[in-house]
Amino acid sequence: DTERFDISQMWINKSGHGDVHPSHYHTNSYLSAVLYFTEGSNILFKDPVYLRLNSQLVVGNDLETHNAATNPEPGKLLIFPSWLYHGTEKNETHERISMSFNCLPAGKTNYNIPELRYSRLN
């Protein structure tokens, strides 16, 4: 419940052959995004339910991986919650170029949800 999201930070990423962008998340933001200008190494999103990695009994299934990989394509825009851990695989191709940005709610926020009156932002 917000009027809009404003970009609070923006930067360019350039990865050469063999480069890796380690897993991280973005603080002081609500949504994060990446826009691809070239192809390159996959971005990996880590399973946010890390406690399932500590299970005492492992039941195999098609979803056994704890990462979701997305292949960059020129013009692709990915938007995700800023708390989600992400990074890249080792870049085995040519130079990979993308632009990333973070967003914050702007304008009136939480004004139409009676249960959230304590957290109204303006």
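Given the structure is predicted, the values throughout are model-derived calculations rather than measurements.

(A) Expanded view of a nonpolar patch on the surface. Where nonpolar side chains cluster on the molecular surface, the patch consists of F5, Y30 and L104 and spans about 280 Å² of accessible area. Mapped onto the elements of the fold, L104 is located in strand 7 (residues 96-109).

(B) Structural view of the packing of aromatic side chains. All told, the structure shown has 3 aromatic pairs when counted by the stated rule. Both rings, one in F5 and one in Y30, keep their centres 5.6 Å apart while their planes meet at 20°; by these two values the pair is stacked. With a gap of 25 residues between them, F5 in strand 1 (residues 2-15) and Y30 in the loop between strand 1 and strand 2 (31-36) connect regions that are remote in the sequence. Note on F45 and F80: the rings are 5.0 Å apart at their centroids and 65° apart in plane angle, and the pair reads as edge-to-face. Placement of F45 in strand 3 (residues 43-46) and of F80 in strand 5 (residues 77-81) is noted, with a sequence separation of 35 residues between them.

(C) Examining the environment of G75 more closely. One can find G75 in the loop between strand 4 (67-70) and strand 5. Along the primary structure G75 and S98 are separated by 23 residues, whereas in three dimensions their C-alpha atoms are 9.5 Å apart. With near-sequence residues (within four places) excluded, G75 lies in contact with L35 and Y36.

(D) The nonpolar core, seen in detail. Residues V34, Y36, I43, F45, L78, F80 and L84 constitute the largest nonpolar core, which totals 7 residues. Of all the secondary structure elements, the ones that give two or more residues to this core are strand 2, strand 3 and strand 5. When near neighbours in sequence (up to four residues on either side) are disregarded, F80 contacts L31, S32, A33, V34, F45 and H86.

What counts, and at which threshold
- Residues numbered from 1 in each chain as written.
- Predicted model: local features only at pLDDT ≥ 70, side-chain atom pairs only at ≥ 80, totals over all residues.
- Heavy atoms only, no water.
- Patch = residues over 30% accessible without salt bridge, like charges linked within 9 Å, V, L, I, M, F, W, Y side chains within 5 Å.
- Areas by Shrake-Rupley, 256 points an atom, 1.4 Å probe, with all protein chains shown as cover.
- Salt bridge = Lys/Arg side-chain N within 4 Å of Asp/Glu carboxyl O.
- Helix = DSSP H or I, 4+ residues; strand = E, 2+ residues; numbered from the N terminus.
- Phe/Tyr/Trp six-rings, centres within 6.5 Å; stacked < 30°, edge-to-face > 60°.
- Contact = heavy atoms within 4.5 Å.
- Core = buried A, V, L, I, M, F, W, Y, C linked by side-chain atoms within 4.5 Å.
- Buried < 20%, exposed > 50% of the residue type's maximum accessible area, 1.4 Å probe, protein only.

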